[in-house]
Amino acid sequence: MAIALSSLPLAATAQTDVDLDPEAGARLSFTLDKRLMRGLHITLEEEVRLDNNFTGFDRLQHTLSVSYKVHPNVKLGLGYALINPYSAKNSEFKGARHRLMADITGTLHLNLWNISLKERLQTTHRTGSYNTYQSPATAWGLKSRLAVKYQGWQPRGWTPYAYIEVRNTFSAPTVTADYNAATGTYLVPGTTSSEGEAGWFLDGFDGTYVDRVRLCLGVDYRMTRASTLTFYLLADRIDNKAIDANAEGTRLKAYTREKGLVGSLGFNYTYAF
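Residues numbered from 1 in each chain as written. Predicted model: local features only at pLDDT ≥ 70, side-chain atom pairs only at ≥ 80, totals over all residues. Heavy atoms only, no water.

Some points on the packing of aromatic side chains
A full pass over the atoms with the stated rule returns 11 aromatic pairs. Judged by centre distance (4.7 Å) and plane angle (45°), the rings of Trp-113 and Tyr-150 are tilted. Placement of Trp-113 in strand S9 (residues 113–126) and of Tyr-150 in strand S10 (residues 138–150) is noted, with a sequence separation of 37 residues between them. Look at Trp-113 and you get partly exposed, because its relative accessible area is 42%. Look at Trp-153 and Trp-158: their rings are 6.5 Å apart centre to centre, the planes differ by 80°, and that puts the pair in the edge-to-face class. You can call Trp-153 partly exposed: its relative accessible area is 41%. Each residue in the set Phe-57, Tyr-86 and Phe-93 is aromatic and connected to the rest through ring pairs, giving one cluster. The ring of Tyr-163 has Arg-145 lying over it, and the distance from NZ or CZ to the ring centre is 3.9 Å. (Phe/Tyr/Trp six-rings, centres within 6.5 Å; stacked < 30°, edge-to-face > 60°. Helix = DSSP H or I, 4+ residues; strand = E, 2+ residues; numbered from the N terminus. Buried < 20%, exposed > 50% of the residue type's maximum accessible area, 1.4 Å probe, protein only. Lys NZ or Arg CZ within 6 Å of the ring centre and 35° of its normal.)

Observations concerning a nonpolar patch on the surface
A contiguous nonpolar surface patch, about 900 Å² in accessible area, is contributed by Leu-108, Leu-110, Leu-112, Trp-113, Ile-115, Leu-117, Leu-146, Ile-164, Val-210, Val-213 and Leu-215. Those elements that provide at least two residues to the nonpolar patch are strand S8 (97–110), S9 and strand S14 (202–222). One can find Leu-117 in strand S9. Judged by its relative accessible area of 43%, Leu-117 falls in the partly exposed class. (Patch = residues over 30% accessible without salt bridge, like charges linked within 9 Å, V, L, I, M, F, W, Y side chains within 5 Å. Areas by Shrake-Rupley, 256 points an atom, 1.4 Å probe, with all protein chains shown as cover. Salt bridge = Lys/Arg side-chain N within 4 Å of Asp/Glu carboxyl O.)

Some words on the pairing of S10
By the bridge criterion, 13 bridges tie S9 to S10 in an arrangement that is antiparallel. Paired with Lys-118 across the two strands is Arg-145, which belongs to S10. Across 9 bridges, the pairing between S10 and strand S11 (residues 158–175) is antiparallel. For Val-148, the partnering residue across the bridge sits in S11 and is Ala-162. (Pairing = 2+ DSSP bridges.)

So, the side chain of Asp-220
Considering the arrangement of structural elements, one finds Asp-220 in strand S14. You can call Asp-220 buried: its relative accessible area is 17%. At 2.7 Å, the side chain of Asp-220 forms a polar contact with the side chain of Thr-230. (Polar contact = N/O pair within 3.5 Å; in protein donor to acceptor, adjacent residues only side chain to side chain.)

Description of the confidence of the model for the protein chain
Per-residue confidence for the protein chain gives a mean pLDDT of 93; residues scoring 70 or more make up 95%. Low pLDDT, under 50, characterises residues 1–11; the stretch is placed with 25 contacts to residues that sit more than four places away or in other chains. (pLDDT = per-residue confidence, 0-100. Contact = heavy atoms within 4.5 Å.)

Here it is, written out as structure tokens:
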């Protein structure tokens, strides 16, 4: 994404606000949903994501999950996702990420309307080489999704839906540094030096805040009893705290808060049996 930097604030531990250019992408997925017994399902999903206004390949994602209805209105779920990010710069897949998910969904049925609230706790572990002073090995987050679905739309077989989702990160960088606006450098607190002992500026990755808000509009089309097509539009409001540091952790180059909007077109085919 192209970026435009605003003027740096005159404050300790100053953050630079970075406005990301709006971007569009796509998500294409295929899902197999197997009913093992009443209320118990196992699901396999394969997904491809495109970015950079549909011109770039972003990732391959493989997800295996299981869900069980403990009550007609309550469903529990566990899942694992293998995420393979793609680096356009190096023209290769980078280090894989392993994600574990646990969620609970409550649904309220009101005539032809279904209203649901889903809470998902997830943790993602990075592999491969990366700067440990810029990214944590394991990140934690909580997604909260409020969705509404209407089942009385004509012609029959079409079911529109919408949801809003808020993601809290529990792994934001916590930084301590003084900022010198005249030189544009971050300093070791109480000194005039921009170099210090390893990790002097990084207190850890334990900050908490809302780093993403997502809106979605979609429609399901049930072709047969087993086959369903889903089309949707996503709008992601991104708010990401990021660190740029040298690999030794002795110098903080930048401490930014990146904000932007990413839109995605989505298509999914589900086969349930």
